[in-house]
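Analysis of the macromolecular model
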2 protein chains.
Amino acid sequence: MTTISDIAKLAGVAKSTVSRYLNEGSVSEATKRKIQHIIKETGYTPNAFAQSLKAKKTNIIGTIVPQLDSYAFSRTLIGIDEELKARNYQMLISHSNLDLEREIENIHSLVRQKVAGIILLATEITNRHLMIIKQLGIPVLIVGQQHEEIPSLIHNDYDAAYELGKYILSQGHQRIAFLGLHEKNVAIGIDRKEGFKKSIEETANIDVQFFEVKMDQAQTFSIVSEIIDRFHPSIIVCATDNIAMGTMKAIYSKGISIPCDLSITGFGGYEMTEMIHPGLTTAKFFYKDAGNLAARKMLSLIKGDDTPMKTVSGYEIIYRESVRKM
Amino acid sequence: MTTISDIAKLAGVAKSTVSRYLNEGSVSEATKRKIQHIIKETGYTPNAFAQSLKAKKTNIIGTIVPQLDSYAFSRTLIGIDEELKARNYQMLISHSNLDLEREIENIHSLVRQKVAGIILLATEITNRHLMIIKQLGIPVLIVGQQHEEIPSLIHNDYDAAYELGKYILSQGHQRIAFLGLHEKNVAIGIDRKEGFKKSIEETANIDVQFFEVKMDQAQTFSIVSEIIDRFHPSIIVCATDNIAMGTMKAIYSKGISIPCDLSITGFGGYEMTEMIHPGLTTAKFFYKDAGNLAARKMLSLIKGDDTPMKTVSGYEIIYRESVRKM
DNA sequence: CTGAAAGCGCTTACAG
DNA sequence: CTGAAAGCGCTTACAG
């Protein structure tokens, strides 16, 4: 490996001059050219460790992702990576496997690696999170969830749920099952539910029941089966597209037809929702765009530019065949 | 931030002693305890940059992933991460967005970061890849593709395709369309095709035609439509589950029913293939296990243990409803 | 514009 | 078992 000393020697100048060339650039045209030439020739690239050790800061942004095999998260990651790369920053991904304990370990590990900031693709913000984050010394941005004390970027869960609810009601559904997540997950467990509730409250004679499943789909099956048998909804509103997929499977396995006998909707706009048959009506969020946005916001945070505590990314209702007009 | 000097001062010993405690450990019990105590108290963690700068090597394994939002790749990543973490290594992910040019840039960037080795989730190994990899100085492992000059871990594409073919024939299909990928992608474009071909060659009176699509699904739609109109297959064998999903959509959009009018199979065993209706018959690969394996193989490569050039991960045919018995 | 020197936080022979 | 010193590859005041 060639180092800055090698370059300096070959160019006949001091290391500091090469360093200056690499950084600010208060170097005469002649030496500039010499150095440039040598660098090209040798294919020299500065040792990132030495730079970071000296500079005590890096151009690395740490990202914590709870699940790598999730459409929403991976699309967000792509967006972050894209934007960061364009601005000469680097993304370091760490995976918590939906384990909050591990998530906190990951925060520490990223700090040890001297990342300039941390983007947390969040599911739940506990008090421990808050305490740790507040004394970290580097900016943390949460994506997908909000918190009054931490900068955040969220999807417009509430409005999306409201608009989707309005649409469902406009199609004449009056007996509705809502399949949500635990309220620990504020964005999905509360905001989507509340937005939906509001649309219901504006309409008379609606029979709605709320249910709850876990993130993983294993248990969705039996719950859906029970809901259908006991409540006989005309539509099941699912708080995520993944839940909707699991629900559809449960519905089919009972020999019930979608949307003739039972309608269904999701949230997310995952790619697969348009591949399946019937296509799933859903509230689409723009994960990749949100990732771009998050990256830019993080850079503002690092630079100390003022940026709003909370940024809201948009949505779009996608109307497909899974909802029947009653 | 507390450094090794702080710890040394507080413990009343030299930096080198602390360092020794942290590494080999030829330190007396008494000092050991003192240092341990101080470290606990201060929450000291060594600066990874300084360590790496000195050691000229890291415990970081770079991974290049062509698509972050792909089931196969992300599951593999999870497997790699899991195993690496268990062995006190770290995974650094870099995303090439299915762009071979970018992939090569990523290799260079990982080298600059002094990773100990690179795991490349491969789609296509070009000559440029080969040249660069051979003069890298650190081990490179390719996953999903093979090459006689580079250590690799592959799925058993050939046998899986053969066995799936046998099954399809056993169900009485005689007019078969195979929807593959370009031969640049050896594992998918060639091995799966050839394995399948072999099963056909062992049987008389089979009418088979081979077609090709791109990785992204946009164009699948019209090709499938044409195949159906012109060739009238009783089954479409798709070289990946993603292609199968796209194909199913195209089939439905023509008002054709699966599997009554037309059967279909995939490759991969993606989670969604069991969520959809009808469930997709497919050759399942164990991506996460393969990731575990890849991590272990990489560590062997780094240590210089001898490890076979080529490791083959298993498969399992999953029989579901998308194939009709003729 | 340029160079010499100190220092970032660690590790590793080398003495003792 | 332990300490002093040199050095990893860079950057940054400080002189000139």
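Going by the annotation in an unreviewed UniProt entry, the name recorded for chain A is LacI family transcriptional regulator, with Niallia circulans given as the source organism.

1. Some thoughts on the relation of the copies chain B and chain A
With an RMSD of 0.1 Å, the fit of chain B onto chain A corresponds to turning through 180° and sliding 0.1 Å along the axis. The transformation just described matches what one would write down for a two-fold rotation axis. Ranked by how close their C-alpha atoms come to the rotation axis, the residues of chain B are headed by B:F49, at 2.5 Å. Most of the interface of chain B is mirrored in chain A: 100% of its interface residues are interface residues there too.

2. Structural notes on the protein's contact with DNA strand C
Around DNA strand C sit 26 residues, and of these A:S26, A:K54, A:K56, B:I4 and B:Y44 come closest. A share of 61% of the atoms of DNA strand C within 4 Å of the protein falls on sugar and phosphate groups. A:S26 places a polar side-chain atom, nitrogen or oxygen, 2.6 Å from a phosphate oxygen of DNA strand C. Here B:S19 contributes a side-chain N or O atom positioned 2.8 Å from a phosphate oxygen of DNA strand C.

3. Comments concerning the sheet that holds strand β2 (residues 90–95) of chain B
Sheet strands line up and pair through hydrogen bonds in the backbone, either parallel or antiparallel. Residues and elements named next belong to chain B. With parallel pairing, the six strands of this open sheet are ordered in space as β2-β1-β3-β4-β5-β11. What marks the edges here is a single partner per strand, and that holds for β2 and β11 (310–313). Along the sheet, successive strands turn relative to each other by an average axial angle of 20°, direction set aside.

4. A short note on the protein's contact with DNA strand D
Around DNA strand D sit 26 residues in total, of which A:I4, A:Y44, B:S26, B:K54 and B:K56 are the nearest. Protein-adjacent atoms of DNA strand D, using a 4 Å cutoff, are sugar or phosphate at a proportion of 63%. A:S19 places a side-chain nitrogen or oxygen 2.7 Å from a phosphate oxygen of DNA strand D. Contact between DNA strand D and B:S16: a base nitrogen at 3.0 Å from a side-chain N or O atom of the residue. Going through the elements one at a time, α2 (15–22) and α4 (48–55) of chain A together with α2 (15–22) and α4 (48–55) of chain B are the ones with two or more residues in the surface near DNA strand D. Partitioning the surface near DNA strand D into residue classes produces nine nonpolar, 11 polar and six charged.

Here is what the cut-offs are and how they apply
Residues numbered from 1 in each chain as written. Chains lettered and ligands numbered in written order. Predicted model: local features only at pLDDT ≥ 70, side-chain atom pairs only at ≥ 80, totals over all residues. Heavy atoms only, no water. Least-squares fit on C-alpha atoms with pLDDT ≥ 70 in both. Contact = heavy atoms within 4.5 Å. Near = heavy atom within 4 Å. Polar contact = N/O pair within 3.5 Å; in protein donor to acceptor, adjacent residues only side chain to side chain. Pairing = 2+ DSSP bridges. Helix = DSSP H or I, 4+ residues; strand = E, 2+ residues; numbered from the N terminus. Axes fitted to C-alpha atoms, helices over the stretch in contact; angles between N-to-C directions. Nonpolar A, V, L, I, M, F, W, Y, C, P; charged D, E, K, R; others polar.

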